[in-house]
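# Inside the fold
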Amino acid sequence: MNTFSKIVVIVFSGLINAIAQAHNGHGDELPWQACSTSEKNTPCEYTNSHGDIYQGNCKLFGEALMCVRNKPIVRANMSKMLTPIKLDNSNQGTK
Amino acid sequence: MTKASISSLIITGSLAFSGCGGSSETITDDETSETPSTDILAVDTTLFDSAAVVSVETIDCTLSNGDDSSCYAITVTGFPSDRTELGHFCPTDINTEAESAGKWFDDGVLYDLTGEFVSNLDLFYGNSEWQLFDADTGEIFITDTQVSCEAAARPDVAEEYQNHCVQCELTYYADEGQGVESTFLLPINPVFRETSGDIGMSNIGVSLNGVNLAAAAPTQAILSAFTIAAFDDCVGHVNPIDGYHYHGANHGDGECPAVEFEADGHAGIFGYALDGFAIYGMLDENGEEATDLDECRGQTDEVRGYHYHSAGPGENAFIGCFSGETANSTDI
Ligand SMILES: [Zn+2]
Ligand SMILES: [Zn+2]
């Protein structure tokens with residue numbers, strides 16, 4: 001594969017990934033959804049669109065349960081983290 | 001005992017907003033946590049920035065377990081003492097870069113709220129109804145008046161205020177350069193609860209620079225109205241009840257001042273929870289997080305006794321619950 005093809009594939013895969021993410025997490029508000037059918041204090045877990053895993057317990061905020069992490073974030077592998085997605089300007093560094 | 005009694009000490013407005021904070025919630029017992037048997041450090045009021053504090057009084061108080069105790073009644077300015085101005089919040093147009101825009105969080109991640117981010121919200125959330133900008137001019141729809149910001153922050157957002165980036169100016173509720181003062185009751189000597197206490201929807205504590213630490217923002221309600229309740233770099237924004245308040249800890253990024261690490265490399269302290277236990281940053285100086293946090297996000301060490309570590313800046317939470325009794329005034 002020549003360089004141009006690689007760039008096309010990377011950019012294209014980034015686009016696909018961005019669209020896929022739109023239907024795979026964003027807007028679902030995963031920290032709340034992870035506890036939507038759970039009881040208070042039960043373990044919970046969600047994987048966000050970056051592939052990072054958040055593990056904790058369902059905690060009550062007002063009348064709704066939200067998953068509050070108490071284990072270190074399990075980061076997705078580097079290849080996923082490096083996928084070029086313009087939308088994902090996550091705050092891993094400084095802006 | 002309810003948080004209503006605690007909230008009665010907090011100077012608030014009368015409007016009920018979905019845009020975070022202000023409501024009173026009963027603190028109820030959890031069933032699962034165990035009482036830690038560890039050292040407890042008294043609240044150290046000297047850690048507060050003097051410029052952030054209006055007054056500190058020692059008063060009698062009743063704890064949430066019914067016991068009489070002594071508390072600090074700490075009144076803070078409500079304006080972060082380590083800054084001279086707030087913002088940026090909403091980007092002005094679809095070309096606004098990160099340096100001139102604030103933040104938004106989703107599923108644990110804090111994003112730069114750039115013009116590009118806002119212009120792609122339909123893709124981001126997978127819903128074509130998102131349209132926060134004028135397609136002809138690229139201008140972002142911002143709630144740029146007190147009427148519009150309060151209308152967009154209500155639980156039921158009228159259609160004309162949907163699809164807006166919500167931004168309330170602190171000057172609507174305080175003099176220029178001032179904040180909305182709040183008084184917090186902190187047990188001087190924290191007392192562990194037998195079972196951990198729920199946080200509710202009001203404030204969970206106070207920062208050393210004089211700002212409310214809010215409970216989780218109701219992001220599902222915010223997003224359902226196609227609004228973004230824009231934060232600044234410090235994950236803070238303004239509502240009519242609390243004024244400026246934080247929904248996350250993001251020190252050392254953008255325009256948000258850093259907090260120094262402890263001498264031993266432990267994360268730095270930036271506030272106190274309402275139960276009197278200190279709250280530290282998420283990561284130590286090596287960028288690592290503790291692996292032994294309890295479900296409230298607390299841990300114990302010999303230097304700091306029991307203390308909390310904040311969740312990440314994009315997680316819509318500081319702590320998960322109260323490990324200690326909160327307080328209620330008996331003499332003011
Ligand atoms: Zn808020
Ligand atoms: Zn610690």
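Residues numbered from 1 in each chain as written. Chains lettered and ligands numbered in written order. Predicted model: local features only at pLDDT ≥ 70, side-chain atom pairs only at ≥ 80, totals over all residues. Heavy atoms only, no water.

This part covers the confidence of the model for chain B. Residues and elements named next belong to chain B. Across chain B, the average pLDDT comes to 90, with 87% of residues at 70 or higher. Below a pLDDT of 50 lies the segment residues 21–27, which in the model reaches 26 contacts outside its immediate sequence neighbourhood of four places, other chains included. Taken together, the chains of this predicted complex give a pTM of 0.85 and an interface ipTM of 0.88. (pLDDT = per-residue confidence, 0-100. Contact = heavy atoms within 4.5 Å.)

Once that is clear, we can look at empty space enclosed by the protein. Overall, the coordinates contain 4 cavities of 30 Å³ or more when judged by the stated rule. Residue lining of the second largest cavity: A:Glu29, A:Pro31, A:Trp32, A:Met66, B:Phe105, B:Asp106, B:Asp107, B:Gly108, B:Thr219, B:Gly314, B:Glu315 and B:Asn316, and that is the complete set. Elements represented by at least two residues in the lining of the second largest cavity include exactly helix 2 (30–33) of chain A together with strand 3 (103–106) of chain B. (1 Å grid on protein atoms, 1.4 Å probe; cavity = no way out; pocket = protein on both sides within 12 Å on 5 of 7 lines; lining within 4 Å. Points joined across faces, edges and corners; volume = space filled by probe spheres on them. Helix = DSSP H or I, 4+ residues; strand = E, 2+ residues; numbered from the N terminus.)

Attention now moves to the packing of aromatic side chains. Counted by the stated rule, this structure contains 20 aromatic pairs over all chains. On the basis of an interplanar angle of 10° and a centroid distance of 4.9 Å, the ring pair of A:Tyr46 and A:Tyr54 is categorised as stacked. For the pair shown, A:Tyr46 and A:Tyr54 are each scored as buried. When the centroid spacing of 5.1 Å and the interplanar angle of 80° are considered together, the rings of B:Phe192 and B:Tyr306 count as edge-to-face. Here the residue B:Phe192 occupies a position in strand 7 (residues 192–197), and B:Tyr306 occupies one in strand 16 (residues 305–309), the gap between them amounting to 114 residues. Accessibility assignment for this pair places B:Phe192 and B:Tyr306 in one class, buried. (Phe/Tyr/Trp six-rings, centres within 6.5 Å; stacked < 30°, edge-to-face > 60°. Buried < 20%, exposed > 50% of the residue type's maximum accessible area, 1.4 Å probe, protein only.)

A few words now on the coordination of the zinc ion (ligand 2). All names here are of chain B. Of the protein atoms, only His266 (NE2), Gln299 (OE1), His307 (NE2) and His309 (NE2) coordinate the zinc ion (ligand 2), at distances of 2.0 Å. One can describe the site at the zinc ion (ligand 2) as irregular: its 4 donor atoms subtend angles covering 95 to 137° at the metal. The sequence pattern describing where the donors of the zinc ion (ligand 2) fall on their chain is H-x32-Q-x7-H-x1-H. Here His309 lies in strand 16 and Gln299 lies in strand 15 (residues 298–301), a separation of 10 residues in the sequence. The exposure class of His309 is buried, given its relative accessible area of 4%. (Donors = N, O, S within 2.8 Å, 3.2 Å for Na, K, Ca; no water. Tetrahedral: all angles 85-135°; square planar, octahedral: opposite > 155°, others 65-115°.)

To continue, consider the state of the cysteines. On inspection of all chains with the given rule, the structure shows 7 disulfides over all chains. In this model, A:Cys35 is linked to A:Cys58 through a disulfide, with the two sulfur atoms separated by 2.1 Å. Across the S-S bond of A:Cys35 and A:Cys58 the torsion is about -95°, and the bridge reads as left-handed. Within this pair, whereas A:Cys35 is found in the loop between helix 2 and strand 1 (43–47), its partner A:Cys58 is found in strand 2 (residues 53–61), the two being separated by 23 residues in sequence. There is no split in this pair, since A:Cys35 and A:Cys58 are both buried. Note on cysteine connectivity: B:Cys149 is disulfide-linked to B:Cys168, with sulfurs 2.2 Å apart. Between B:Cys149 and B:Cys168, the disulfide has an S-S torsion of 110° and is therefore right-handed. Separated by 19 residues along the polypeptide, B:Cys149 in helix 4 (residues 146–152) and B:Cys168 in the loop between strand 5 (164–166) and strand 6 (182–187) bring together distant segments of the chain. For chain B, the disulfide bridges join cysteines in the arrangement 1-2, 3-5, 4-6, 7-8, 9-10, where the cysteines are counted in sequence order. (Disulfide = S-S within 2.5 Å.)

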